[in-house]
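Structural description and commentary
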Protein chains: 2
Amino acid sequence: MATEIERKFLVSSEDYKKDARAFVFKQGYLSVTTGRTVRIRTYDDKGVITIKGKRHSYTRDEFEYEIPVEEADIMLENLCIKPLIEKIRHFVVYAGNEWVIDEFLGVNKGLVVAEIELKSEDQSFEKPHWLGEEVTFDNRYGNSHLVSKPYSQW
Amino acid sequence: MATEIERKFLVSSEDYKKDARAFVFKQGYLSVTTGRTVRIRTYDDKGVITIKGKRHSYTRDEFEYEIPVEEADIMLENLCIKPLIEKIRHFVVYAGNEWVIDEFLGVNKGLVVAEIELKSEDQSFEKPHWLGEEVTFDNRYGNSHLVSKPYSQW
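None of these values were measured; they are calculated from a predicted model. Just so you know, the residues in each chain are numbered from 1, in the order the chain's sequence is written. Whichever chain is written first is A, and whichever ligand is written first is 1; the rest continue in order. At least 70 in pLDDT is required for a residue's local features to be given in this predicted model, at least 80 for side-chain atom pairs to be given and counted, and no such filter applies to totals for whole chains, interfaces and linings, which use all residues.

It is worth spelling out the overall build of chain A at this point. Helix and strand assignments follow DSSP, with helices taken as H or I runs no shorter than four residues and strands as E runs no shorter than two, numbered in order from the N terminus. The number of helices and strands found in chain A is two helices and nine strands. For chain A, the N- to C-terminal ordering of α and β elements is β-β-β-β-β-α-β-β-β-β-α. Only C-alpha atoms enter the radius of gyration, while the globule expectation follows 2.2 Å times N to the 0.38, with N the number of residues. Rg of the C-alpha trace for chain A: 15 Å, near the compact-globule value of 15 Å for 154 residues, within the 12% margin. In terms of overall dimensions, chain A has C-alpha extents of about 40 × 30 × 30 Å along its principal axes. Residues are called buried when their C-beta atom has 20 or more other C-beta atoms within 10 Å, exposed when it has 12 or fewer, and partly exposed otherwise; all C-beta atoms are positioned from the backbone. Each of the 154 residues in chain A was classed as buried or not, and the buried ones make up 31%. With C-beta atoms placed from the backbone, a contact is any residue pair whose C-beta atoms sit within 7 Å. Of the contacts made within chain A by residues no fewer than 6 positions apart, 62% connect residues no fewer than 24 positions apart.

Let's shift gears to the relation of the copies chain A and chain B. For the pair chain A and chain B, the relating rotation is 180°, the translation along its axis is 0.0 Å, and the fit reaches an RMSD of 0.0 Å. On the angle and the small slide along the axis, the relation comes out as a two-fold axis. Judged by C-alpha distance, S31 of chain A is the residue of chain A that lies nearest the rotation axis, at 2.9 Å. Same-surface contact between copies: 100% of interface residues of chain A are shared with the interface of chain B. Here the copies were fitted onto each other by least squares, based on C-alpha atoms from residues at pLDDT of at least 70 in both.

The next thing to look at is unusual backbone geometry. All names here are of chain A. Here K82 and P83 are connected by a cis peptide whose omega angle stands at 0°. Tracing the sequence through the fold places P83 in strand β6 (residues 81-94). Here the phi dihedral of D44 falls at roughly 50°; this positive angle occurs in a residue that is not glycine. Following the sequence through the fold, D44 ends up in the loop between β3 (37-43) and β4 (46-56). Taking the C-beta count within 10 Å as the criterion, D44 has 9 such neighbours and is therefore assigned exposed. In the Ramachandran plot, S57 falls in the positive-phi region, its phi being about 55° despite a non-glycine side chain. Here S57 lies in the loop between β4 and β5 (59-67). Residue class for S57 comes out exposed when judged on the 9 C-beta atoms lying within 10 Å of it.

Moving on to the UniProt feature "domain: CYTH" (unreviewed entry) in chain A. UniProt positions are given in the numbering used here, feature names are shortened, and annotations may be inferred rather than shown by experiment. UniProt annotation of "domain: CYTH" (unreviewed entry) refers to residues 2-154 of chain A when read in the numbering used here. Helix makes up 10% of residues 2-154 of chain A and strand 52%. Its end C-alpha atoms lie 32 Å apart.

Tallying the contact residues gives 17 residues for chain A and 17 residues for chain B. The biggest single contributor to the side of chain A that touches chain B is helix α1 (residues 69-78) of chain A, with four residues. Its residues assigned to classes, the side of chain A that touches chain B comprises eleven nonpolar, four polar and two charged. Each residue is assigned to one of three groups, with Ala, Val, Leu, Ile, Met, Phe, Trp, Tyr, Cys and Pro labelled nonpolar, Asp, Glu, Lys and Arg labelled charged, and all others, Gly among them, labelled polar.

Turning to α1 of chain A, a few remarks are in order. Residues and elements named next belong to chain A. Inspection of α1 places A72, M75 and L76 among the buried residues, and these make up the whole buried set. The buried residues of α1 occupy an angular sector of 100° when projected down its axis, which confines them to one face. Facing away from the buried surface of α1 by more than 90 degrees, the exposed residues are E70 and E77. Here the arc refers to the set of directions running from the helix axis out to each C-beta atom.

With that settled, consider the environment of T37 of chain A. Residue and element names in this part refer to chain A. Mapped onto the secondary structure, T37 falls in strand β3. Here the alpha-carbon distance between T37 and E121, two residues 84 residues apart in the chain, equals 22 Å. Apart from the residues lying within four places of it in its own chain, the contact partners of T37 are Y29, S31, V32, I51, K52 and S144.

As a further point, take the UniProt feature "active site" (unreviewed entry) in chain A. Residue and element names in this part refer to chain A. The UniProt feature table records "active site" (unreviewed entry) at Y29. By the element assignment, Y29 lies in strand β2 (residues 21-31). In this structure Y29 touches T37, V38, R39, C80, I81, S144 and V147, once residues within four positions along its chain are discounted.

We now examine the confidence of the model for chain A. As a per-residue measure, pLDDT tells how confident the predictor is, with possible values from 0 to 100. Summary statistics for chain A give a mean pLDDT of 95 and a share of 100% for residues scoring 70 or more. Here the prediction assigns the complex a pTM of 0.89, and the interface score ipTM is 0.86.

Moving on, we come to the nonpolar core. Each nonpolar core consists of buried Ala, Val, Leu, Ile, Met, Phe, Trp, Tyr and Cys residues. Their C-beta atoms, within 7 Å, join them into a set. If you look at the biggest cluster of nonpolar residues, it comprises 32 residues, and the most contacted ones within it are L30 and M75 of chain A together with L30 and M75 of chain B. Apart from residues lying up to four places away in sequence, M75 of chain B is in contact with I51 and F63 of chain A together with I40 and C80 of chain B.

Structure (structure tokens):
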């Protein structure tokens, strides 16, 4: 088990794309219930199942296991709640911290969200100039919420 | 992925207990939605996560992955829907086939169900004398249904 301490922001420009490594992520949910989210994800020829507990402040328990990508694909296709989430995930190192920027596709096209994972809730970090408003506590931006209410319907 | 072909019966006597190997099983659900059941289970110092698809006749897709038992315990305690299912699982070989008999505990005490896993839907098998009525298609006996409607409340 890992404890995930995460802060989430909107993005104000595309400048983050310089020097970013990018992968296509496809993911779907077997449960979107708060406190017991179950996600199937594929990227870079890998399959992963992730279970997330309830958020307390910036923190949430997370259990993650690698699974065969062929089985992940079958679950995405046959079992997961539709629509699936598809996005390009960009990895950027800025001032010694890794940022993950999700550029959503499909029914969530137009949405771009940046996340930083922290070691403690009070850890300070330098904000890149392309960073916008913080949305950590705005549930609408949670990927599991984007299934029932995609960005194109906001 | 495995395809699970399974038939389920009630049990008419305790004779199955002779020559049975038995383990305590504890399990809980992160999703009880038909077609996307997600189960966490511990037994014999093992942890397992299992995802089950929709049943078609006797058959259902099943994806199962071993996980650290300590993490399974945390998910059972903190994340899974309550009440948890606790049972003694007895393994019995009869006429060349393995039978699994679940003797439920806690809120499902009194319920005993025998299952056989088949290689094909039309495979014939010899019925032990302690076998009762078939309940394969009676959803009430599904473990995920016993969470919302335990046997003690029938």
